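Observations on chain architecture
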Amino acid sequence: YDPGQLSSTWSHVDQHDQELHLHRFLGNVVLIYIDYEEAPGLGHISPQVQEAYETYRDQGFVVLNFLTHGFFVFNGQTFIFEPPNAQRHTDTHGLTFPVFEHGTPQPISTNYYYVPFSPHWTILDRHLRIRTPSMSSHTEWPLVLADIETYLAEAGPEIDWPMPD
């Protein structure tokens, strides 16, 4: 994830079983948002991301949310993380942007509370160049949002091929 580098092409299946290809979003500002699924009422950042999505989507803002872990339980000594569930996460937080299950399909156990990249933000500009890599903190959301607003103000790519009538 080097700033200025074009993002590689990839596709993934979202919570509606739709395969989405990254290059479909050429001309948009894309927030790749990696986080874990969390129960309602615990201060999750997803509702704030949803609010920004609703505010800026008509200007070409796209959010792609990848879940690394599901809900967790603590049995006194060990945290046990369920596999992520994109539809449950969508319903819990009222999300309208694509959500992907990108974690392990098996429960994970650990003796300490650690969720890597929670959240992790990467912003791609309208050319799908990596502009803001590796920001990872809930407290950085205002900085992420300011960068999104900056990149939305930039011009998108010109398309050189003829469009169908």
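Residues numbered from 1 in each chain as written. Predicted model: local features only at pLDDT ≥ 70, side-chain atom pairs only at ≥ 80, totals over all residues. Heavy atoms only, no water.

1. Examining the confidence of the model for the protein
Per-residue confidence for the protein gives a mean pLDDT of 78, with 68% of residues at or over 70. Overall, residues 110–117 carries pLDDT values under 50, and its contacts beyond four positions in sequence, including any with other chains, amount to 21 contacts. (pLDDT = per-residue confidence, 0-100. Contact = heavy atoms within 4.5 Å.)

2. Notes on the packing of helix H1 (residues 46–56) against helix H3 (residues 141–152)
Any two packed helices are characterised by the angle at which their axes cross and by the distance between the axes. For the pair H1 and H3, the least separation of the axes is 12 Å and the interaxial angle reads 15°. When the interaxial angle is binned, H1 and H3 end up roughly parallel. Read as a crossing pair, H1 and H3 show a hand that is right-handed. Only Trp141, Leu145, Glu149 and Leu152 of H3 make contact with H1, whose side of the interface consists of Gln48, Val49, Ala52 and Tyr56. (Axes fitted to C-alpha atoms, helices over the stretch in contact; angles between N-to-C directions. Helix = DSSP H or I, 4+ residues; strand = E, 2+ residues; numbered from the N terminus. Parallel < 35°, antiparallel > 145°, perpendicular 65-115°, else oblique. Left-handed = near helix turned anticlockwise from the far one by under 90°.)

3. Re helix H2 (residues 86–93)
Burial in H2 covers these residues: Ala86, His89, Thr90 and His93. One side of H2 carries all its buried residues, which in axial view fall inside an arc of 100°. Looking at the packing, one finds that the buried side of H2 touches H1, strand S4 (61–67) and strand S7 (99–101). (Buried < 20%, exposed > 50% of the residue type's maximum accessible area, 1.4 Å probe, protein only. Arc of directions from axis to C-beta.)

4. Remarks on H1
An α-helical segment advances 3.6 residues per turn. Residues three or four places apart therefore align on the same side. When we look at burial in H1, the residues that qualify are Ser46, Val49, Gln50, Ala52, Tyr53 and Tyr56. Along the long axis of H1, the arc covered by the buried residues comes to 165°, so they all point the same way.

5. Regarding the side chain of Asn28
Considering the arrangement of structural elements, one finds Asn28 in the loop between strand S2 (19–21) and strand S3 (29–35). Setting aside residues no more than four positions away along its own chain, Asn28 makes contact with Gly60, Val62, Leu124, Asp125 and Arg126.

6. Re unusual backbone geometry
Even without being a glycine, Asp17 presents a positive backbone phi close to 60°. Tracing the sequence through the fold places Asp17 in the loop between strand S1 (11–13) and S2. Asp17 gets classed as exposed once you look at its relative accessible area, which sits at 65%. Of note, Leu128 is a non-glycine position whose phi angle comes to about 65°, a positive value. Mapped onto the fold, Leu128 is located in the loop between strand S9 (120–124) and strand S10 (130–135).

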